[in-house]
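# Notes for the structure review
Here are the chains, one letter per residue:
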Amino acid sequence: MIKRILPILLLAVTFSGCKLSSVKYAFSGVSLTNGEKTFSVDYFSNKTPFAPNLGSDFTEALKKYLRDRTSLTEVTDNNGDIRFEGQITGFTQRPVDIQRDEVAAQNRLTITIRVKYTNTKDETGKSDFDSSFSHYEDYGIDANYDAAEPELIKNITDKIIEDVFNKALVNW
């Protein structure tokens with residue numbers, strides 16, 4: 001019995017002494033390793049003719065998401081340690097799920113947002129990006145689009161914000 005347990009214990013002790021210096025753990029998943037203390041979100045202008053409040057709604061939702069999920073302090077002069085800026089570049093609706101009689105069973109609303117992220121504390125610039133994020137929601141052709149639009153937009157922008165947050169601050 002001891003002959004079986006002893007090798008296992010030796011292996012456990014040996015490997016417990018190994019240290020992976022590049023691995024960092026945080027319960028929130030946020031990886032802030034350069035002393036970042038503040039964030040700023042510049043106004044996201046809407047370059048589409050649709051949903052006139054989308055720029056301000058997205059900007060405020062991104063700020064709230066960052067306030068709720070990080071310990072960073074918000075600054076309003078676009079001079080944060082980490083900075084977000086960009087614009088709404090796409091807002092399209094198209095039919096999907098075409099049936100035998102060539103009639104769409106559903107429509108799809110797709111929103112695309114270009115985000116430029118800058119981490120002023122990362123001197124290497126490796127964490128910076130300028131990327132487009134896009135998501136969609138489908139809705140039935142029988143749905144009243146005007147009534148459904150606010151919820152569709154909220155669901156889509158929530159997904160985009162989560163993607164932006166993960167790319168900028170979560171190293172998974």
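Our subject is the structure that appears above.
Residues numbered from 1 in each chain as written. Predicted model: local features only at pLDDT ≥ 70, side-chain atom pairs only at ≥ 80, totals over all residues. Heavy atoms only, no water.

## Examining the pairing of strand β4 (residues 82–98)
The condition is simple: Here, any two strands with at least 2 DSSP bridges between them count as paired. Secondary structure follows DSSP: runs of H or I at least 4 residues long count as helices, runs of E at least 2 residues long count as strands, and numbering of each begins at the N terminus.
As paired strands, strand β1 (residues 38–41) and β4 are joined by three bridges and run parallel to one another. Residue valine 41 lies in a different strand from β4, and its bridge partner there is phenylalanine 84. With two bridges joining them, strand β2 (residues 45–46) and β4 adopt parallel strand pairing. Its bridge partner being in β4, serine 45 is matched across the sheet by glutamine 87. Pairing of β4 with strand β5 (residues 104–119) involves 15 bridges; the strand directions are antiparallel. Note on β5: the bridge partner recorded for isoleucine 88 is isoleucine 113. Joining the antiparallel neighbours β4 and β5 is a turn of five residues, in which glutamate 102 adopts a positive phi near 60°.

## Description of helix α2 (residues 54–69)
Note the cut-off: Multiply 1.5 Å by the residue count of a helix minus one, and that product is the helix's expected span. Throughout, exposure labels follow a simple rule: accessible area from a 1.4 Å probe, protein chains only, divided by the maximum for the residue type, with under 20% read as buried, over 50% as exposed, and the rest as partly exposed. Each direction from the helix axis to a C-beta atom contributes to the arc, which is the arc of those directions. Whether two residues touch is decided by their heavy atoms; if any such pair falls within 4.5 Å, the residues are in contact.
Between the first and last C-alpha of α2 there are 22 Å, a value that for 16 residues agrees with the 22 Å anticipated at 1.5 Å per step. Every buried residue of α2 is listed here: Leu54, Gly55, Phe58, Thr59, Leu62, Lys63, Tyr65 and Leu66. Down the axis of α2, the buried side of the element spans an arc of 165°, and every buried residue falls inside it. Buried residues in α2 make contact with β1, β2, β3 (73–74), β4, β5 and α3 (145–169).

## Concerning the side chain of threonine 157
Relative to the elements of secondary structure, threonine 157 occurs in helix α3. What makes threonine 157 buried here is its relative accessible area of 7%. In this structure, threonine 157 is in contact with Leu54 and Phe58, ignoring residues within four places of it in sequence.

## Brief notes about the environment of phenylalanine 165
With respect to the element layout, phenylalanine 165 can be found in helix α3. C-alpha separation for the pair phenylalanine 165 and leucine 62, spaced 103 residues apart in sequence, amounts to 8.6 Å. Among residues more than four places away in sequence, those in contact with phenylalanine 165 are Val30, Tyr65, Leu66, Arg69, Thr70 and Val170.

## Section: unusual backbone geometry
Its identity is not glycine, yet alanine 51 carries a phi of approximately 45°, on the positive side. Mapped onto the secondary structure, alanine 51 falls in the loop between β2 and α2.

## Here's the deal with the packing of aromatic side chains
Going by this rule: Aromatic contacts are taken between Phe, Tyr and Trp rings whose centres are within 6.5 Å, Trp giving its six-membered ring; a plane angle under 30 degrees counts as stacked, one over 60 as edge-to-face, and the others as tilted.
This model, assessed by the stated rule, comprises seven aromatic pairs. Their ring planes at 70° and their centres at 6.0 Å tell us that phenylalanine 129 and phenylalanine 133 sit as a pair that is edge-to-face. When sorted by exposure, phenylalanine 129 lands in the same class as phenylalanine 133, which is buried. Taken together, a centroid distance of 5.4 Å and an interplanar angle of 40° make the contact between tyrosine 139 and tyrosine 145 tilted. Taken as a pair, tyrosine 139 and tyrosine 145 share a single burial class, namely buried.

## Here we look at the pairing of β1
Burial along β1 is two-sided: Thr38 and Ser40 and Phe39 and Val41, pointing in opposite directions, are all buried. Looking at chain direction, β1 and β3 are connected through two bridges and run parallel. Among the inter-strand pairings, phenylalanine 39 is bridged to a residue of β3, identified as glutamate 74.

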